[in-house]
Amino acid sequence: LVAWLGWPAPEAWPYIAASVTIHIAYYLLLTGAYKNGDLGLTYPIMRGTAPLLVALASVATLGEHLSLMGWLGVVGVSIGVLVLGLPNSPPTTHPEQAEAAATHAAQASLRNKAIAFALANAVIIAIYTVVDAKGARASGNAFQYVVALFVLDGWPFALIVLARRGRAAQPYIRSYARQRWPIALGGALASFGSYGIALWAMTRAPVATVAALRETSVLFAALLGCWFLKEAFTPRRAIGTGIIVGGV
């Protein structure tokens, strides 16, 4: 794609360098969140709170001021994502069972740690969103920018993982890569298409608006889960869906 589209303008490279660095923190916090908590808990927190932070950051860094209706929309999408995505409260254990209570306390500790990782990562998501929006605008071509970013973005974190695992893990890593490359390729293409479209939109519309609309993916995930996985469309899911649609 770089050979076809070319590299972005020189003005974009400081933003690419900053974004690659910020994404290292993003991946570290992401793995911390998923290690300590369920996807259903951490993902909505990260994606639901990030649009509000992006809206606040875009006012300070980009000089973009949303109308009252725009703010209501961003808040609506964020609240809807949280309502739709967050799991129900864990069942309470019987207080007379000391072992069960201890297990519940340990689970609560991990849950709190996962929430802390997710909230910290929401801040990181807001930062790299604003940085990449400015970089895409500086480059003059959002797709050149995102291609250059994707060429460089994966390597630093991958090298950190390789350094931590050591030489003994290399055969396992190669075996894992051979088995999983179709899924990795599909995820890479989806991620590239999603972020490329989002950055292109941010060159033509307020960053906060695009960032909020991007998180409606949680809505589509819930609907697909009901359709293909036969998951129940609970009243809470209906309420979350309605709030997201209202925010949009």
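Located above this text is the structure these notes cover.
Residues numbered from 1 in each chain as written. Predicted model: local features only at pLDDT ≥ 70, side-chain atom pairs only at ≥ 80, totals over all residues. Heavy atoms only, no water.

Asker: I tried to follow the side chain of Asn-121 on my own but got confused; where do I start?
Answerer: Note that Asn-121 resides in helix H5 (residues 98-139). We classify Asn-121 as buried; its relative accessible area is 0%. Setting aside its immediate chain neighbours within four residues, Asn-121 contacts Ala-25, Tyr-26, Leu-29, Leu-30 and Met-46. (Helix = DSSP H or I, 4+ residues; strand = E, 2+ residues; numbered from the N terminus. Buried < 20%, exposed > 50% of the residue type's maximum accessible area, 1.4 Å probe, protein only. Contact = heavy atoms within 4.5 Å.)

Asker: I would appreciate a short explanation of empty space enclosed by the protein in the present structure.
Answerer: Rolled over the atoms, a probe with the dimensions of a water molecule shows which regions are left empty. For the structure shown, the criterion picks out one cavity of 30 Å³ or more. Every residue lining the largest cavity is listed: Ala-50, Pro-51, Val-54, Ile-125, Thr-129, Ala-211, Arg-214 and Glu-215. At the level of secondary structure, the elements contributing two or more residues to the lining of the largest cavity comprise helix H3 (39-61), H5 and helix H8 (207-214). Considering every element that reaches the lining of the largest cavity, the biggest residue donor is H3, with three residues. Grouping the constituent residues of the lining of the largest cavity by class yields five nonpolar, one polar and two charged. (1 Å grid on protein atoms, 1.4 Å probe; cavity = no way out; pocket = protein on both sides within 12 Å on 5 of 7 lines; lining within 4 Å. Points joined across faces, edges and corners; volume = space filled by probe spheres on them. Nonpolar A, V, L, I, M, F, W, Y, C, P; charged D, E, K, R; others polar.)

Asker: Mind showing me how you'd approach the pattern of salt bridges here?
Answerer: Pairing is possible between side chains of opposite charge, provided their charged atoms come close. Taken as a whole and judged by the stated rule, the model has two salt bridges. With a closest N to O distance of 3.1 Å, Glu-215 and Arg-47 form a salt bridge. With Glu-215 in the loop between H8 and helix H9 (217-228) and Arg-47 in helix H3, the pair connects residues that are 168 residues apart, well separated along the chain. In this structure Arg-47 comes out as buried when scored by relative accessible area, which is 8%. With its nearest N and O atoms 2.7 Å apart, the salt bridge here joins Arg-137 to Glu-64. Taken together, the residues Arg-137 in helix H5 and Glu-64 in the loop between H3 and helix H4 (68-85) connect sequence positions 73 residues apart. With relative accessibility at 34%, the residue Arg-137 sits in the partly exposed group. (Salt bridge = Lys/Arg side-chain N within 4 Å of Asp/Glu carboxyl O.)

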